[in-house]
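Analysis of the macromolecular model
For reference, the chains in residue letters:
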Amino acid sequence: MLVDWDAPITMDDGVELRADVFLPDDGAAHPVIMSHGPYAKGLAFQEGFAPMWRTLADEHPDAVAGSSNRYQNWETADPEKWVPDGYVVIRVDSRGAGRSPGYLDIFSPRETRDYYECIEWAGAQPWSNGRVGLLGISYYAVNQWQVAALRPPHLAAICPWEGGTDFYRELTHHGGILHTFLQQWYPARVASVQHGVGGSPRHRITGVPVTGPGVLSDEERAKNTADPVGAVHDHALLDAYYRERTADLSRITVPVLTAVNWAHPLHTRGGFEGYERVASDRKWLEAHGLQHWVEFYTDYGVGLQKRFFGHFLQGRDTGWDDQPPVLLNIRRADGGFAQRPEAEWPLARTRWTAFHLDLDRLALAPAAAPGERSAGFDALGEGLTFWTEPLTDELELTGPASASLRVASSTTDADLFLTLRVQDPGGREVTFVSAMDPHGAVGLGWLRASLRKLDPARSEPYRPWHTFDERQPLTPGEPVDLHVEIWPTSVVVPAGYRLGVSVQGRDFELPGEGPWPSASGVAMRGNGTFLHTDAEDRGSDVYAGRTTLISGGRHPSFLLLPVVPERDGG
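The text that follows walks through the structure, step by step, so that each part is easy to find.

In this fold, Pro370 is placed in the loop between strand 14 (363-365) and strand 15 (373-378). Counting along the chain gives 310 residues from Pro370 to His60, while the straight-line C-alpha distance between them is 53 Å.

Next up, the structure:
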């Protein structure tokens, strides 16, 4: 394998981005696997993300086998597993990050245009066969959707692995409620490797600073970066700031393999939306459920990626012609996964089933109560939890979901947090790996009542589509009807178990004393690090009032859940 460290790629405005190019030592032309982003291409996975590396190495030895792991980099392909198979692997430090100078502005139109130009540069090199594929996790997946919508001529296929598609609805807000991920992540993972930061780690092989060359003063670096954390506070509603950072999925026509995690509060929704809404007629969906980064590196994930890219970049018979359009690893509440091919998403045989809120018994019932009832809770308290009776038969829920709730507040607004839960016959909580959190919930939904406005043309009963462009304050004490989106999920609940939902005015927390695992200084109790505790967004007393649920009679409140029967014949 040959390596060209810090290869310059000149943008249309003269800025030179820096790329590491790993290529076969055979003088032939090969397809390209590319990633482009702000995490510093020279920062070793083992150093920059040590806890995640330990999990990968200790729990999934196949992920690190067959490689010296000298070139491992967070959320990108390992060259040692791709170059021997006849690929050129390219990692680019995006503008203003790592070894690339310039103004750092994440997910901006300028950054997306840079990615376009990097693709076109790679496609025209003598060692390239003209076909460029994009591969990577999270940031390196989100920006695949963005750049593919620009249609660079040399782009041949994309594999966004756990990548959101909507900068407002997923990456910064949930149901119009600001979540705190950006303010935790950006300083620690992006600003820390901005180009020109002093004292940065050195590349394990070349010895150069991963944020060099050179060191910039604090004042110089401040001039060279946008302030995304401040920007989301300045833009509380969905406006042009978010639209220009959100991919137009209808313009994507290249082959797409979108790999989705059932339980990632940044990316799950967008991965499924990407599959449904891209214009390409050559698209595939895969869903899995371990830690956010795991399956990408395992033999299972790499094998899937290589069959996809081998088909579209190398023109080989990899068996991809037999790949089902949808491949789901169905979660089981009694442990493990069951892999199943499907023909579409959502599943055509889904029985959209209403589970009504019985406010007298705090139960999930098959039908609405004949008379109207109400039950209240303090918005910052424990909320209300509703359970089914122990199931008489196994129940599979796989797909998007929603809740229709009639709600009143003692104030002019209310935030609703919905958490789907499962209990075993002994009353113990059943949890699932969720991104970083080893004990996540079954499913989550959120909505700010004042942002309840729907786009009827884009809404489905099982997937309401909110515009988030207009506030409609509540009148204290007067009820309104809310339609809450619950992100796609999958679980098979055995007979004897119970299904439940908690309705609260704050983040759900698993019951018990802990101790709880933590990440980024945040104790993870069912939501990972994806909390909604921003003082500017939720600090007002308006979100600390009393919320009343109303159900029964002419105003039923219910969950609409995706019950999946067995196929005919079992």
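Strands sit in the order 1-2-4-3-5-6-9-10-11-12 across an open sheet of 10 strands; the sheet is mixed. Of all the strands in the sheet, just strand 1 (2-10) and strand 12 (337-342) have a single pairing partner and so form its edges. Between one strand axis and the next, the sheet turns by 20° as a mean value, whatever way the strands run. Across six bridges, the pairing between strand 9 (residues 256-261) and strand 10 (residues 283-288) is parallel. Residue pairing across strands places Val260 opposite Ala287, the latter belonging to strand 10. Sheet strands touched by helix 11 (residues 268-277): strand 9, strand 10 and strand 11 (326-331). Its angle to strand 10, the strand with the most contacts, is close to 155°. Most of the contacts of helix 13 (residues 299-312) go to strand 6 (residues 155-161), to which it runs at about 165°, and overall it touches strand 3 (30-37), strand 5 (128-137), strand 6, strand 9, strand 10, strand 11 and strand 12.

Turning to helix 2 (residues 50-59), a few remarks are in order. Among the residues making up helix 2, those that are buried are Met52, Trp53, Thr55 and Leu56. Angularly, the buried residues of helix 2 cover 160° about the axis, an arc narrow enough to put them on a single face. In the core, the buried residues of helix 2 are packed alongside helix 1 (45-48), helix 3 (61-64), helix 7 (181-190) and helix 12 (294-297).

The next subject is the pairing of strand 20 (residues 437-440). Regular strands place side chains that alternate from one sheet face to the opposite one. Where strand 19 (residues 432-434) meets strand 20, two bridges bridge the pair, whose relative direction is antiparallel. Opposite Phe432, over in strand 20, you have Gly440 as the bridge partner. The hairpin turn running from strand 19 into strand 20, its antiparallel successor, is two residues long, and Ala435 in that turn takes a positive phi close to 55°.

That bond from Gly212 to Pro213 is cis: its omega, 0°, falls within 30 degrees of zero. Within the secondary structure layout, Pro213 lies in the loop between helix 7 and helix 8 (218-223). The amide bond that connects Gly514 to the next residue, Pro515, takes the cis arrangement and shows omega of 5°. Its place among the elements puts Pro515 in the loop between strand 23 (498-504) and strand 24 (518-519). Even without being glycine, Phe107 reaches a positive phi, approximately 60°. One can find Phe107 in the loop between strand 4 (88-93) and helix 5 (109-123). Take Phe107: its relative accessible area is 5%, and that puts it in the buried class. The phi dihedral of Ala435 is positive, around 55°, even though this residue is not glycine.

Turning next to the nonpolar core. One recurring pattern in soluble globular proteins is that nonpolar side chains are buried together. By size, the foremost hydrophobic cluster in this structure holds 104 residues, and its most contacted members are Phe309, Leu418 and Leu559. Setting aside chain neighbours within four positions, we find Phe309 in contact with Ile33, Trp82, Tyr87, Gly133, Leu134, Leu135, Ala157, Ile158, Cys159 and Gln314. Ala7, Val92, Tyr116 and Val132 belong to the second-largest nonpolar core, a separate cluster that totals 33 residues.

Definitions and limits used
- Residues numbered from 1 in each chain as written.
- Predicted model: local features only at pLDDT ≥ 70, side-chain atom pairs only at ≥ 80, totals over all residues.
- Heavy atoms only, no water.
- Helix = DSSP H or I, 4+ residues; strand = E, 2+ residues; numbered from the N terminus.
- Pairing = 2+ DSSP bridges.
- Axes fitted to C-alpha atoms, helices over the stretch in contact; angles between N-to-C directions.
- Contact = heavy atoms within 4.5 Å.
- Buried < 20%, exposed > 50% of the residue type's maximum accessible area, 1.4 Å probe, protein only.
- Arc of directions from axis to C-beta.
- Core = buried A, V, L, I, M, F, W, Y, C linked by side-chain atoms within 4.5 Å.

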